[in-house]
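Overview (structure and organization)
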Amino acid sequence: MTRVRLRVEERREELLGAAVEQIEARGVADFRISDVAASLGVSNALVLYHFSTKEKLVAAAFAHAAEADLARLHTLAGRGGSAVKRLRAVVRWYSPTGQAKGWKLWIEGWAAALREPVLREVSLGLDRQWKSTLAELIAEGADAGEYVCADPRSAAWRLTAFLDGLAVQMTAYPGALSRRRMETWVDDALAAELGLGRARPAGDC
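Quick caveat: nothing in here was measured; it's all calculated off a predicted structure. (Residues numbered from 1 in each chain as written. Predicted model: local features only at pLDDT ≥ 70, side-chain atom pairs only at ≥ 80, totals over all residues. Heavy atoms only, no water.)

**Brief notes about the packing of aromatic side chains**
- Here the structure, examined in full by the defined rule, presents three aromatic pairs.
- Relative to W106, the ring of F62 lies with its centre 5.7 Å away and its plane at 50 degrees, an arrangement referred to as tilted. Placement of the pair is F62 in helix α4 (residues 54-78) and W106 in helix α6 (residues 103-113), with a sequence separation of 44 residues. Of the two residues, F62 and W106, neither departs from the other in class, the shared state being buried.
- The rings of W93, Y94 and W130 are connected pair by pair, giving a single aromatic cluster.
- One residue, K131, lies across the ring of W157, its end atom 4.5 Å from the ring centre. (Phe/Tyr/Trp six-rings, centres within 6.5 Å; stacked < 30°, edge-to-face > 60°. Helix = DSSP H or I, 4+ residues; strand = E, 2+ residues; numbered from the N terminus. Buried < 20%, exposed > 50% of the residue type's maximum accessible area, 1.4 Å probe, protein only. Lys NZ or Arg CZ within 6 Å of the ring centre and 35° of its normal.)

**Quick look at the environment of V84**
- Here V84 is to be found in helix α5 (residues 83-94).
- Residues V84 and L137 lie 53 residues apart in sequence; the distance between their C-alpha atoms is 8.8 Å.

**Overview of empty space enclosed by the protein**
- For the structure on display, the rule yields two cavities of 30 Å³ or more.
- A volume near 50 Å³ is recorded for the second largest cavity.
- L73, V90, V91, Y94, W130, K131, L134, T160 and L163 are the residues that line the second largest cavity.
- Listing elements by their share of the lining of the second largest cavity, those giving two or more residues are α5, α7 (117-143) and α8 (152-172).
- Of the residues in the lining of the second largest cavity, the class split is seven nonpolar, one polar and one charged. (1 Å grid on protein atoms, 1.4 Å probe; cavity = no way out; pocket = protein on both sides within 12 Å on 5 of 7 lines; lining within 4 Å. Points joined across faces, edges and corners; volume = space filled by probe spheres on them. Nonpolar A, V, L, I, M, F, W, Y, C, P; charged D, E, K, R; others polar.)

**Description of the nonpolar core**
- With 61 residues, the main nonpolar core has L57 and I138 as its most contacted residues.
- Counting residues per element, this core draws most heavily on α4, which supplies 12 residues.
- Non-local contacts of L57, meaning those with residues more than four positions away in its chain, are made with L16, A19, F31, I33, V36, V47 and F51. (Core = buried A, V, L, I, M, F, W, Y, C linked by side-chain atoms within 4.5 Å. Contact = heavy atoms within 4.5 Å.)

**Some remarks on the packing of helix α1 (residues 8-26) against α4**
- Between α1 and α4, whose axes approach to 9 Å, the crossing angle comes to 95 degrees. One way to sum up the angle between α1 and α4 is to call them roughly perpendicular. Facing α1, whose interface residues are E13, L16, G17, A19, V20 and I23, α4 presents L57, V58, A60, A61, F62, H64 and A65.
- For the contact of α1 with α4, the residue count by class is 10 nonpolar, two polar and one charged. (Axes fitted to C-alpha atoms, helices over the stretch in contact; angles between N-to-C directions. Parallel < 35°, antiparallel > 145°, perpendicular 65-115°, else oblique.)

See the structure below:
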């Protein structure tokens, strides 16, 4: 059956979605234009028409995958209520036990970014958005007198570095820590940064 001709924007969305699926299944190292094309029943030439190189397609796929996560981040950060409540929601969601885009995908991206300048630029831009939003939310709570934090930017860096490190461990060694223990550590890290005291008793591994 002849495929319906899609508008440029729709076609790009379709190609990017297929590229994300292929990266998740195969990893960046084994990612191929031909696999994306085959999964959609289109030609390699069509994929290359929209993304002139494999590297550009991979970078665009990671940016595409992050869009929904960033939108969710801004929604959580912009809700009503105290900054502490919103920070806990954001950090919990971003954590290795949360619902942000699969950590395996991002770890693949970090590894590939060491060798691919285009992907490194995209990855760095996305990382800065995460840190900037978190820092702004931390600063908002400090300004409102909910806690004391003299350097929200540094606090955001420490928190995201901690969460990223846990994600690598949990992805590489699934089951090494219980979900409850992981959530306790995440809560404690946020509480320590904001001087709020222990969030709750530690759970058993």
